[in-house]
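So the chains spell out like this:
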Amino acid sequence: YIGNFSMVDNAFFYSYLPSYMRMLNKEEKIDTFKIMLAWYCFLLCLGICIIFFAKDVIGYLTHGKLTQSAELVPLLFVLIFFKSNQRQYSSQLLCYKRNKEYANLSVFANILGFLILTIGVFVYDSGLYFIVFSYILNVVLRNIFIKSYAIYKYRHVDISELFFIVSLAIYIFLLIITWR
């Protein structure tokens, strides 16, 4: 299910990427604030729908089977927020030929996430929710590492980052208060 939402995120990003890259190269001026504000509002609205309707939609699509997976879909939707937020910072690194740094940061985050997953599963015999949490943590760590480095290196961050945090906070708040 999350793969389908990732396709929507990819479609948005790839339609936005050429203009964003031209902006980074100072060939074009675009208002990233308005674009990202609209995108984070869309993600928040979609996420709210997922929180409240995932079980019914999955039940309908699977004829009442596989409805237990609906509990994980809202948790995994957090990934879409973080992946979407990371894309502009990843693009900055790749645009300015920082491929090695990008790869190193991604690999470091993946290794750290894998270590946490391994310890949780083999040492503490954790279950499915811990595995999902580890996967989310891996994406969050990658986002933090790449975003922090890009902001440090290029000092290019705009107010849309605030909307990312606010929309994510609202989504997580709703997710927590509706947890079954």
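Structural data are supplied above this passage.
Notes on the structure in this doc start here. (Residues numbered from 1 in each chain as written. Predicted model: local features only at pLDDT ≥ 70, side-chain atom pairs only at ≥ 80, totals over all residues. Heavy atoms only, no water.)

Details of the pattern of salt bridges
Side chains that differ in charge, positive against negative, can pair when their charged atoms come close.
Then comes step 1: In total, this model carries three salt bridges according to the counting rule given.
Then comes step 2: Linking aspartate 9 and arginine 87 is a salt bridge whose minimum nitrogen-to-oxygen distance equals 3.0 Å. Residue aspartate 9 is located in helix 1 (residues 2–24), and its partner arginine 87 is located in helix 4 (residues 78–95); the two are separated by 78 residues in the primary sequence.
Then comes step 3: Classification of aspartate 9 by relative accessible area gives buried; the value is 2%. (Salt bridge = Lys/Arg side-chain N within 4 Å of Asp/Glu carboxyl O. Helix = DSSP H or I, 4+ residues; strand = E, 2+ residues; numbered from the N terminus. Buried < 20%, exposed > 50% of the residue type's maximum accessible area, 1.4 Å probe, protein only.)

Some points on helix 2 (residues 32–61)
Then comes step 1: For helix 2, with 30 residues, the first-to-last C-alpha span of 36 Å runs short of the 44 Å given by 1.5 Å per residue.
Then comes step 2: Its axis deflected by about 70° at phenylalanine 53, helix 2 carries its strongest bend there.
Then comes step 3: Among all positions in helix 2, only Thr32, Met36, Trp39, Tyr40, Leu43, Leu44, Gly47, Ile50, Ile51, Ala54, Ile58 and Gly59 are buried.
Then comes step 4: Buried positions along helix 2 lie against helix 1, helix 3 (72–76), helix 4 and helix 7 (160–177).
Then comes step 5: Looking one or two places after helix 2, you find histidine 63, whose phi comes out positive at around 55°. (Expected span 1.5 Å × (residues − 1). Bend = angle between axes of the 7 residues up to and from the residue. Contact = heavy atoms within 4.5 Å.)

Considerations on a nonpolar patch on the surface
Then comes step 1: On the surface, Tyr1, Phe52, Phe53, Val57, Tyr60, Leu61 and Leu66 cluster together into a nonpolar patch covering about 790 Å² of accessible area.
Then comes step 2: Within the secondary structure, phenylalanine 53 is located in helix 2. (Patch = residues over 30% accessible without salt bridge, like charges linked within 9 Å, V, L, I, M, F, W, Y side chains within 5 Å. Areas by Shrake-Rupley, 256 points an atom, 1.4 Å probe, with all protein chains shown as cover.)

Overview of the nonpolar core
Then comes step 1: The biggest cluster of nonpolar side chains holds 40 residues, and the ones touching the most others in it are Phe77, Ile136 and Tyr171.
Then comes step 2: Residues contacting phenylalanine 77, with those up to four places away along its chain left out, are Ile2, Phe5, Leu43, Leu46, Gly47, Ile50 and Tyr171.
Then comes step 3: Among the nonpolar cores identified, the runner-up in size contains 10 residues, and Leu93, Leu141, Phe145 and Tyr149 belong to it. (Core = buried A, V, L, I, M, F, W, Y, C linked by side-chain atoms within 4.5 Å.)

Let's talk about the side chain of arginine 142
Then comes step 1: Topologically, arginine 142 is positioned in helix 6 (residues 128–154).
Then comes step 2: Comment: no salt bridge for buried arginine 142; closest opposite-charge side chain is aspartate 9, at 11 Å.
Then comes step 3: If we ignore the near neighbours within four places in the chain, the residues touching arginine 142 are Gln86, Ser106, Ala109 and Asn110. (Lys, Arg positive; Asp, Glu negative; His and termini not counted.)

Remarks on the packing of aromatic side chains
Then comes step 1: Per the counting criterion, the structure on display carries 14 aromatic pairs.
Then comes step 2: Between phenylalanine 77 and tyrosine 171 the ring centres are 5.6 Å apart and the planes differ by 55°, which places this aromatic pair in the tilted class. Taken together, the residues phenylalanine 77 in the loop between helix 3 and helix 4 and tyrosine 171 in helix 7 connect sequence positions 94 residues apart.
Then comes step 3: Between the aromatic rings of phenylalanine 130 and phenylalanine 133, the centroid separation amounts to 6.1 Å while the plane-to-plane angle is 40°, which identifies the pairing as tilted. Remark: phenylalanine 133 and phenylalanine 130 occur in helix 6; sequence separation between them is three residues, near one turn of the helix.
Then comes step 4: Put simply, the rings of Phe12, Tyr16, Tyr20, Trp39 and Phe42 pair up and form one aromatic cluster. (Phe/Tyr/Trp six-rings, centres within 6.5 Å; stacked < 30°, edge-to-face > 60°.)

None of the figures reported here should be taken as evidence of function without further support.
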